[in-house]
Amino acid sequence: MIEEHHVTVQRTARYYQLGTLSASTKRVWFVLHGYGQLARYFIRRFDVVADDETVVIAPEGLSRLYIDAEFGKIGASWLTREDRDNEVTDFVTYLDQVWAAVLGDRDPGTLHITLMGFSQGASTACRWLEKGERVRADRLLLWAGFFPNGLSDVLRPGTVAGIPVEYVYGQEDEYISQIPDVDTYLNRLKSDVPNLRIIPFAGKHVVDRLVLKALL
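Keep in mind that what you see is a predicted model, and the values were worked out from it rather than measured.

## So, the overall build of the protein
- A count of helices and strands for the protein gives five helices and nine strands.
- Secondary structure elements in the protein, listed N-terminal to C-terminal, are β-β-α-β-β-β-α-β-α-β-β-α-β-α.
- The C-alpha atoms of the protein give 17 Å as radius of gyration, which agrees with the globular expectation for 216 residues (17 Å, within 12%).
- Taking the principal axes of the C-alpha coordinates as reference, the protein spans close to 60 × 45 × 40 Å.
- Within the protein, the fraction of its 216 residues that count as buried is 45%.
- Taking the intrachain contacts of the protein between residues at least 6 apart in sequence as the baseline, contacts between residues at least 24 apart amount to 77%.

In structure tokens form, the structure reads like this:
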């Protein structure tokens, strides 16, 4: 008889930082990359965000994979549907540790925290905000995420009732365009989170610097 068992292990994870946290820091962005991306490249998109008062933190998904047939390009992933509950528990624990490592003894209430997730990172951000023990956010920015069962599947409206929540997507996004009825999909998201603001832009499945800058 085959039986499934689990063990908890310690492993090394990494994150990248743009800017220096100091007494003058007023804003911190935690940005979560999409499927098949690496944090060190993803964080470069946020050079329009970082300044003397703003620090950007980009954690990297715990699972890495080759993303081309030649095994030359490597990306990372937050989870798959296999053993999903444990993967969610693992990345929430990991992200809480990143939060603690970055902020240290700093009172997060003195900072404006933006939690941003792109593509697969959007649902990751929602799950972290919903399940994390440390995380809090003054703004939730979901960019080109796909929520097949709606936002209510990963986030309770009450969790974000008092903060701005934005859903940004490119009107030429090659993944969003595969949804049979995009308007119905967006209306479902809006129904799940009534304070959701939907922001379309003329572009594809990418974090566009000009759009990002306009959202500051």
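What follows continues from the structure just given.
## Focus: the sheet that holds strand β9 (residues 196–201)
- Strand order in this open sheet of seven strands is β1-β3-β2-β6-β7-β8-β9, and the pairing throughout is mixed. Each end of this open sheet is capped by a strand with a single partner; those strands are β1 (15–18) and β9. Direction aside, neighbouring strands of the sheet carry axes that sit 20 degrees apart on average.
- As defined by bridge partners, strand β2 (residues 27–32) adjoins strand β3 (residues 54–59) across four bridges and the pair is classed as parallel. Paired with Trp 29 across the two strands is Val 56, which belongs to β3.
- Sheet strands in contact with helix α3 (residues 120–131) are β2, β6 (112–118) and β7 (139–143), and its direction is about 135 degrees off that of β6.
- Of the strands in this sheet, β8 (165–170) and β9 touch helix α4 (residues 182–192), which is tilted by about 170 degrees from β8.

## Focus on the pattern of salt bridges
- Going through the model one piece at a time under the given rule, you end up with 11 salt bridges.
- Of the charged contacts, one joins Glu 166 and Arg 197 as a salt bridge, the two residues approaching to 3.4 Å between their closest N and O atoms. You can see Glu 166 sitting in strand β8 and its partner Arg 197 sitting in strand β9, a full 31 residues away along the chain.
- Owing to a relative accessible area of 7%, Glu 166 belongs among the buried residues under this scheme.
- Bridged by salt links that share partners, the residues Lys 26, Arg 27, Asp 51 and Glu 53 form one connected network.

## Focus on the side chain of His 33
- Looking at the secondary structure, you find His 33 in the loop between β2 and α1 (39–42).
- When its relative accessible area of 0% is taken as the criterion, His 33 is described as buried.
- Apart from residues no more than four positions distant in its own chain, His 33 is found in contact with Ala 39, Phe 42, Pro 59, Glu 60, Gly 61, Ala 76, Ser 77, Trp 78, Phe 118, Gln 120 and Gly 121.

## Re unusual backbone geometry
- With phi around 60 degrees, Phe 71 is a residue other than glycine that occupies positive phi space.
- Along the chain, Phe 71 turns up in the loop between β4 (63–66) and β5 (74–77).
- In this structure, Asp 83 is a non-glycine residue whose phi angle is positive, near 55 degrees.
- Residue Asp 83 is classed as partly exposed on the basis of its relative accessible area of 34%.

## Description of the nonpolar core
- Among the nonpolar cores identified, the biggest contains 45 residues, and Phe 30, Leu 115, Trp 128, Leu 140, Leu 142, Phe 147 and Tyr 167 are the most heavily contacted of them.
- Broken down by secondary-structure element, the contributors of at least two residues to this core are β2, β3, α2 (84–103), β6, α3, β7, β8 and α4.
- Top contributing element to this core by residue count: α2, with nine residues.
- Excluding residues within four positions of it along the chain, Tyr 167 makes contact with Leu 142, Ala 144, Gly 145, Phe 147, Ile 176, Tyr 185, Leu 186, Leu 189, Leu 196, Arg 197, Ile 198 and Ile 199.
- Among the nonpolar cores identified, the runner-up in size contains 21 residues, and Phe 42, Val 49, Val 56 and Val 168 belong to it.

## Thoughts on a nonpolar patch on the surface
- Where nonpolar side chains cluster on the molecular surface, the patch consists of Tyr 66, Phe 71 and Ile 74 and spans about 350 Å² of accessible area.
- Inspection of the secondary structure puts Tyr 66 in strand β4.

Definitions and cut-offs
Residues numbered from 1 in each chain as written. Predicted model: local features only at pLDDT ≥ 70, side-chain atom pairs only at ≥ 80, totals over all residues. Heavy atoms only, no water. Helix = DSSP H or I, 4+ residues; strand = E, 2+ residues; numbered from the N terminus. Rg over C-alpha atoms; globule rule 2.2 N^0.38 Å. Buried < 20%, exposed > 50% of the residue type's maximum accessible area, 1.4 Å probe, protein only. Contact = heavy atoms within 4.5 Å. Pairing = 2+ DSSP bridges. Axes fitted to C-alpha atoms, helices over the stretch in contact; angles between N-to-C directions. Salt bridge = Lys/Arg side-chain N within 4 Å of Asp/Glu carboxyl O. Core = buried A, V, L, I, M, F, W, Y, C linked by side-chain atoms within 4.5 Å. Patch = residues over 30% accessible without salt bridge, like charges linked within 9 Å, V, L, I, M, F, W, Y side chains within 5 Å. Areas by Shrake-Rupley, 256 points an atom, 1.4 Å probe, with all protein chains shown as cover.

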